[in-house]
Amino acid sequence: MLDFRNTVQEQHIRSLSDSSQECIRRLLQHRAEVDDIDIGNNRAAAVFVGLFERPGMEGLHVLLTTRAKTMRAHPNQTAFPGGKVDPTDISPEFAARREAFEEVGLPMGYHRDLHYVTQLEPFLSKYKIIVFPVIYLISNHELVKSLAPSPDEVGAIWSMPLEYCLTAQWKEEWGTLAERGGPDWPYEEEIYNHTDTDWLKTSGYRMNRFRTTHTPMKGLTCDITLTVAEIAYGRPTVVARYADGQMPFYDAVKVAVAEGKVNPQVPQASARHGEITDAASTLPALETRHGVNDTPAPAL
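Heads up: these notes are all about the structure in this document. This is a predicted model, so every value here is computed, not measured.

Conventions used here
Residues numbered from 1 in each chain as written. Predicted model: local features only at pLDDT ≥ 70, side-chain atom pairs only at ≥ 80, totals over all residues. Heavy atoms only, no water. Helix = DSSP H or I, 4+ residues; strand = E, 2+ residues; numbered from the N terminus. Contact = heavy atoms within 4.5 Å. Areas by Shrake-Rupley, 256 points an atom, 1.4 Å probe, with all protein chains shown as cover. Buried < 20%, exposed > 50% of the residue type's maximum accessible area, 1.4 Å probe, protein only. Lys, Arg positive; Asp, Glu negative; His and termini not counted. Salt bridge = Lys/Arg side-chain N within 4 Å of Asp/Glu carboxyl O. Expected span 1.5 Å × (residues − 1). Pairing = 2+ DSSP bridges. Axes fitted to C-alpha atoms, helices over the stretch in contact; angles between N-to-C directions.

A look at the overall build of the protein chain
- Per the secondary structure count, the protein chain includes seven helices and 13 strands.
- Residue pairs at least 24 apart in sequence account for 71% of intrachain contacts in the protein chain once pairs closer than 6 positions are excluded.
- Split by element, the accessible area of the protein chain, about 13,700 Å² in all, is 48% carbon and sulfur.

Here it is as structure tokens:
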């Protein structure tokens, strides 16, 4: 067992541009003010939210994937590396790291270029899965470039400027957006689209969508990215991200817990102050990564 919690140090922050330094400092100050949560019989998942700077480009980017077209669930959709919290996972953070290892080859165990920043309050997906986002800073872009997709799970590895979902304005230097009206953006709007649906018993839900260089960023992936960006930049997005009367995500989690609570089946995050349980202080070192090819990842 190896100690894998490599936290952000001052030298890592100072290596970033001024705006990114401010973002990381705000995220470090974030404490998830929630009650302790026992998710009981509810399904749980964890996602790895990797933030990094691209050389010669100011501002944080967020690591994203497009799920393989052959996946049974959500094929060809934008997602964070992540997945179900297994009974053998010692914490949501462990699950996020394990899934990122399996999907894109992110190193397991302690790594000098991977720095834990914070954890957000859990989110509730449209399908009542409780999702724990874990935020990391990737301090070396070479690590990002070394990632390789697992062909059975990931169709592409790419990134998006974090600030984009706050401003809803795209800069040419960020790349070429997917064709408007094409398969990756089949909407009339230039940048942003949404639809409202019923959710739970007493709440609506807004499905937010942003046009990207790949498949749209939408749904829970978009909800999490918007929240990370709002905390990091200290201001709200310019889009109206919630439906009228939409229940806050953590309140929705508590509703789902109340409806499905039986006995704990997965390791729990100590949600108070956004901390992980002490069991997360160790992570087994893995020698191989099954199901991942050796082809280089696309340039990010």
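A few points about the side chain of D223
- Within the element layout of this structure, D223 appears in helix 6 (residues 219-233).
- Despite being buried, D223 has no salt bridge partner; R241 is the closest side chain of opposite charge, sitting 4.4 Å away.
- Apart from residues no more than four positions distant in its own chain, D223 is found in contact with F123, Y205, R206, N208, R241 and F249.

A look at helix 2 (residues 18-29)
- With twelve residues, helix 2 extends 17 Å between its outermost C-alpha atoms, agreeing within 8% with the 16 Å of an ideal straight helix rising 1.5 Å per residue.
- Buried residues belonging to helix 2 abut helix 1 (10-14), strand 2 (44-53), strand 3 (60-67), strand 6 (114-119), strand 8 (130-138) and helix 6.

What to know about the sheet that holds strand 12 (residues 217-218)
- Read across the sheet, three strands follow the order 10-11-12 without closing on themselves; strand pairing throughout is antiparallel. With one partner strand each, in any of the chains shown, strand 10 (192-199) and strand 12 form the two edges of the open sheet.
- In this structure, strand 11 (residues 203-210) lies alongside strand 12, joined through two bridges in antiparallel fashion. Across the sheet, residue F210 finds its bridge partner in strand 12, namely M217.
- Taken strand by strand, helix 6 contacts strand 11 and strand 12, and its axis lies near 85° from that of strand 11.

Side note on the pattern of salt bridges
- Evaluation of the coordinates by the stated rule reveals 16 salt bridges.
- Here R5 makes a salt bridge to E93, at a shortest N to O gap of 2.5 Å. Of this pair, R5 sits in the loop between strand 1 (2-3) and helix 1 while E93 sits in helix 3 (residues 92-104); the two residues are 88 residues apart in sequence, bridging distant segments of the chain.
- Overall, E93 belongs to the buried group, its relative accessible area being 0%.
- For R14, the salt bridge is made with E10, and the minimal N-O distance between the two is 3.0 Å. A residue pair is termed a helical-turn pair when its members lie 3 or 4 positions apart in one helix, as R14 and E10 do in helix 1 at four residues.
- On the accessibility criterion, E10 (32% relative accessible area) is partly exposed.
- Here the salt bridges do not stand alone but share partners, grouping D86, D89, R98, E99 and E102 into one network.

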